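Structural overview
Residues per chain are reported as follows:
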Protein chains: 2
Amino acid sequence: MSLQECIQIALGQRPAALAIQHVRVFHLATGEWEEDTDIALDSQGRIAAVGRGYDGVEVVPGKGLVAVPGFIDAHMHLESSLMTPRNYERMVTAYGVTTAVCDLHELANVVGEAAFDYCLQASQAMAMSLLVRISPCVPATPLETSGFTVDAQCLRRWRERHPELGLGELMNVPGVLNRDGELMAKVEGASFLDGHCPMVTGRALNAYLATGVRNDHESSTLEEAREKLRRGLQVLIREGSAARNLEALLPLMTLENSMRLGFCTDDRNPLDMEEEGHLDAMVRRAIRAGIPPLVAYRVASYSAAQGLGLTDRGLIAPGMRGDILLLSDWKECRLERVFVAGVPRERLFQKGREDAFPSEEPFLHTVKCRPMTPEDFPLPPRDGRLHPVIGVLDGSLLTERLSLPADAPGVLPVAVVERHGKNGNVGRGLVRGFALKAGALASSVGHDSHNLCVVGTSPQAMAEAANALRESQGGFVAVRPDGTRVLLPLPVGGLMSQEEGPVLADRLRELHQAARELGCPLHAPFLQLAFVPLAVIPHLKLTDRGLVDVDAFRLLSPGEC
Amino acid sequence: MSLQECIQIALGQRPAALAIQHVRVFHLATGEWEEDTDIALDSQGRIAAVGRGYDGVEVVPGKGLVAVPGFIDAHMHLESSLMTPRNYERMVTAYGVTTAVCDLHELANVVGEAAFDYCLQASQAMAMSLLVRISPCVPATPLETSGFTVDAQCLRRWRERHPELGLGELMNVPGVLNRDGELMAKVEGASFLDGHCPMVTGRALNAYLATGVRNDHESSTLEEAREKLRRGLQVLIREGSAARNLEALLPLMTLENSMRLGFCTDDRNPLDMEEEGHLDAMVRRAIRAGIPPLVAYRVASYSAAQGLGLTDRGLIAPGMRGDILLLSDWKECRLERVFVAGVPRERLFQKGREDAFPSEEPFLHTVKCRPMTPEDFPLPPRDGRLHPVIGVLDGSLLTERLSLPADAPGVLPVAVVERHGKNGNVGRGLVRGFALKAGALASSVGHDSHNLCVVGTSPQAMAEAANALRESQGGFVAVRPDGTRVLLPLPVGGLMSQEEGPVLADRLRELHQAARELGCPLHAPFLQLAFVPLAVIPHLKLTDRGLVDVDAFRLLSPGEC
């Protein structure tokens, strides 16, 4: 029906289902501006025609507006938005995001492959395009305790059942370099494979690329990104809540490179969305920095689509999905209207639609640690001995490996508490960067196994923080020295809330305020806490099993510094 | 094995199967030049690593040479090379072509779907990558008599059996615009669809694009090509033996557009290959004309690959096919060495390899017309009345529709004789452009149904020419007024020879010389004769059923002018 209908609409033999009239189209394939033209959509939300004189059953006036294709977030974790799919969609489409590539490995670490089923079902209920990835690294490393493991057999089953789904980010770089048999079995012959190779260079990069990985979102320096581009990777420029790489990688955004780039958020919370925006903010900042508009808009949509093998989006052209943004100011990337698969965004969120979304009920009781006591969080002796200390850097997932005495300025105890009911491990270490003067912060989000992460100034405050999250079945908490708390419950797998984005943004604002009052200067304190355990990002990390030398990919021995 | 081996080679744990050392690599993703580096290949001919210090079981010195990826001919008909696959491969790899997208619809018009089987089997025997397309328009139109028909049912069977194969060029534009049911069934849901839409513009272009067509190689003007790019098509710049569009489309070759273009030959004979080259000649001419080298080399390989959805070629990077050209002079595109899937070209053509190729035996007796007599080719009365005349233009497949008396200067009788043993039709008309002073030319190549095409100065010479091809079971022939002939037999389906390219080039040179001596000024007289029946290229054509008004897509009535 659609083919026949499209031909008739294109020839003017029947009106479009919806026609955007007299708009200015920015063509990302060529850089041309087409003035005063119409975009005709069919009843299935595809673009049937672009040109003058198209009428529609519904007509949208486009005079004075510029049309560009919907934005593509080329790599993100839904869980880091803290929202369930329905609320995520509602929030990000407002910023023009109409496609997102979703690696649900956070939830998979907690609940196993049920996470993939959940996300697939949700994606079918959504109007925006959520492309589910099957995560090949659950857990991310053997150096931690996760709730579930996705082994090669499970992955093969998923690949057979859903050959159309690509694999999520391949984080286990050492596993590749060591030709780990289980990992080889997972990736060999995959149809699409997302990369994750921070600071991997030279021969190791060559070796990593043998897996067929297509892209990488972990470049934090220009030199690193240039090498990856040269070796054939699509470089996804990331601007998350914790990791922010846009500024460093702006010089990459040239006409030469433009078709080999993409934008992504990886991990971005609703507070930053509300305060700064989403991919629209990346486009805006790029143009302000002098990047050619063609390059900025390409990278936000068309280039990402091409790199991802998505041939049905990224252009305002016949046959493409009706993912269309109408801009009142293209230099400032100011959105006037958003169409998602041909439907005006404001019409998407009507009553009754919720029924199509899967229930979160099975994921509501996942924090299974015992009640914690101050004795679980002993302070290290202040004897002047040097200890390995994790140096947290604001706005980066990379950490420094420091050697400092326990009483050096700004050094605090940090702990990771196993919470899947497996073994009750508590990993302990020291961290610098949170700079708390009093109280404690805790998070049940703790990449990627999502054990409880606690940083604090006293054993008492740390135990209180951990127990608060045990009671709420997950979330972020700031415990003040007077025992009062600010808590954002995240009961869905200990990772997500069922509240809407603006509610979460408000609560995050309160939490950040509380953290700041405790002395923490970090832009996103809870996200940075949540990345302390991520043992696939250099250099020093802490899991429930102890401190990890990421470069050597092994646990530190007790007393090793 | 390859994954494990590639990792080991990349890490320097074992030598490459072949290492090209100390070469300068031109990176088409970024435009960078990497100096004095090595390319390490695995035993399956894939690139395992690029970087310094790689050793190999076999070592190729690359000092002073530039490495670029092998060229991709994004649309061509094997039959127009006049060669069988084994000879085609031998010839074009010498010009750096390592991938070709082959639409075998010429042979399919003669022998049916057996042509696809033949081509598939041949592609498996070849070292270069021959990507077979299943032709959706056999015959091209209902206005002619072909040997076979590929109907929707046959096409569906092929799509089910080989979902990996795309569909060949969709030539029946009127069928699309009229929503022809059979055609709709053929194209709906196709995985990949090549386009063919000369001079299609505006609403008709929008409608044609509804089919999901991805590219087009028929642009002859800049304006036409720009509109197609804007509407999302990949524009393949063609430089065949008859149709030559490079010069007109050079201004399209900008950095902005570069990833949306490709090169193709469509129809190119061994004589032009020998005298001018192949895609290497297009690169050379583009650079001489001032096109940035990055754009020229991209269009010849990487951009074509991207547009075709081929993610394993087009770059010198890990994971890519080892299709590598070593240039002694990159400005002049002078090839020093060619590697096809990791194998040095000169090593490809060894004895015994022929056995893997399919036999042409089933296609050797396909010219089934009766013996022709001078009465079959009556001269029209020279009474001053106006007749429709096909105006052939040198170097173009487009023809003019003229109205001239039969005795106007340069006007000659032309005939198309049905040769599949179906109905004995003879279509008759007048043509201007061949300018013969004596004798006749004939061809059993007659796009796309491949009936016999004859142009001549006398009924006698025309009958002789037709009969010569009947005896030789196909070919090109020039008949001189003294009755002597120059003949190039093409016994494989009446389209191809089993001789090697240089032999064919010699014979074509003799044929062209003979045609010139008869007065014909055309660059490729037999190819232009062969395109006289192609009723999907505007404006006036002749099939075995009569004169065709291509714009109206109908046969002219007798006496209509």
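So, here's what we can say about the structure. What you see is a predicted model; the values in this text were computed from it and never measured.

**A closer look at the interface of chain B and chain A**
Taken residue by residue, the interface counts 56 residues in chain B and 56 residues in chain A. For the pairing of chain B and chain A, the buried interface totals around 4,700 Å² over both sides, and the portion due to carbon and sulfur atoms is 53%. When residues of chain B are sorted by the area they lose upon contact with chain A, Leu3(B), Arg179(B) and Arg203(B) head the list and together hold 15% of the total. Residue Glu34(B) is joined to Arg231(A) by a salt bridge in which the shortest nitrogen-to-oxygen separation is 2.8 Å. Linking chain B to chain A there are 20 residue pairs in polar contact (both at pLDDT 80 or more). When contributions to the side of chain B that touches chain A are tallied by element, the ones reaching two or more residues are helix H1 (2-10), strand E3 (47-51), helix H6 (173-177), helix H7 (181-187), helix H8 (202-209), helix H9 (222-230), helix H13 (293-300) and helix H14 (302-308) of chain B. Among the elements that make up the side of chain B that touches chain A, the one with the highest residue count is H1(B) (6 residues). Among the residues making up the side of chain B that touches chain A, the classes are represented as 28 nonpolar, 14 polar and 14 charged.

**Digging into helix H5 (residues 152-161) of chain B**
Residues and elements named next belong to chain B. What H5 keeps buried is the set Ala-152, Cys-154, Leu-155 and Trp-158. Looking down the long axis of H5, one finds its buried residues gathered within 160° of arc, a one-sided arrangement. Opposite its buried face, H5 presents the exposed residues Gln-153 and Glu-160, each directed more than 90 degrees away. Buried positions along H5 lie against helix H4 (114-125), strand E9 (167-170) and H7.

**So, the sheet that holds strand E24 (residues 485-489) of chain A**
Residue and element names in this part refer to chain A. Strand order in the open sheet formed by 8 strands is E18-E17-E20-E19-E22-E21-E23-E24, with mixed pairing between adjacent strands. Among the strands making up the open sheet, the edge pair consists of strand E18 (399-405) and E24. Between one strand axis and the next, the sheet turns through 25° on average, direction left out of account. Helix H15 (residues 459-472) rests against strand E19 (411-417), strand E21 (440-443), strand E22 (452-456), strand E23 (475-479) and E24 of the sheet, and its axis sits at about 145° to E23. Docked against the sheet, helix H16 (residues 501-517) engages E21, E23 and E24, running at close to 145° with respect to E24.

**Section: the sheet that holds strand E24 (residues 485-489) of chain B**
All names here are of chain B. Spatially, the 8 strands line up as an open sheet ordered E18-E17-E20-E19-E22-E21-E23-E24, and their pairing is mixed. One side of each edge strand has no neighbouring strand; the edge strands of this open sheet are strand E18 (399-405) and E24. In this sheet, neighbouring strand axes are inclined to one another by 25° on average, regardless of whether the strands run parallel or antiparallel. Where strand E21 (residues 440-443) and strand E23 (residues 475-479) come together, 4 bridges link them in antiparallel fashion.

Thresholds applied
- Residues numbered from 1 in each chain as written.
- Chains lettered and ligands numbered in written order.
- Predicted model: local features only at pLDDT ≥ 70, side-chain atom pairs only at ≥ 80, totals over all residues.
- Heavy atoms only, no water.
- Contact = heavy atoms within 4.5 Å.
- Buried area = accessible area lost by both parts, 1.4 Å probe.
- Salt bridge = Lys/Arg side-chain N within 4 Å of Asp/Glu carboxyl O.
- Polar contact = N/O pair within 3.5 Å; in protein donor to acceptor, adjacent residues only side chain to side chain.
- Helix = DSSP H or I, 4+ residues; strand = E, 2+ residues; numbered from the N terminus.
- Nonpolar A, V, L, I, M, F, W, Y, C, P; charged D, E, K, R; others polar.
- Buried < 20%, exposed > 50% of the residue type's maximum accessible area, 1.4 Å probe, protein only.
- Arc of directions from axis to C-beta.
- Pairing = 2+ DSSP bridges.
- Axes fitted to C-alpha atoms, helices over the stretch in contact; angles between N-to-C directions.

Such coordinate-based values are descriptive only and should not be taken to indicate function.
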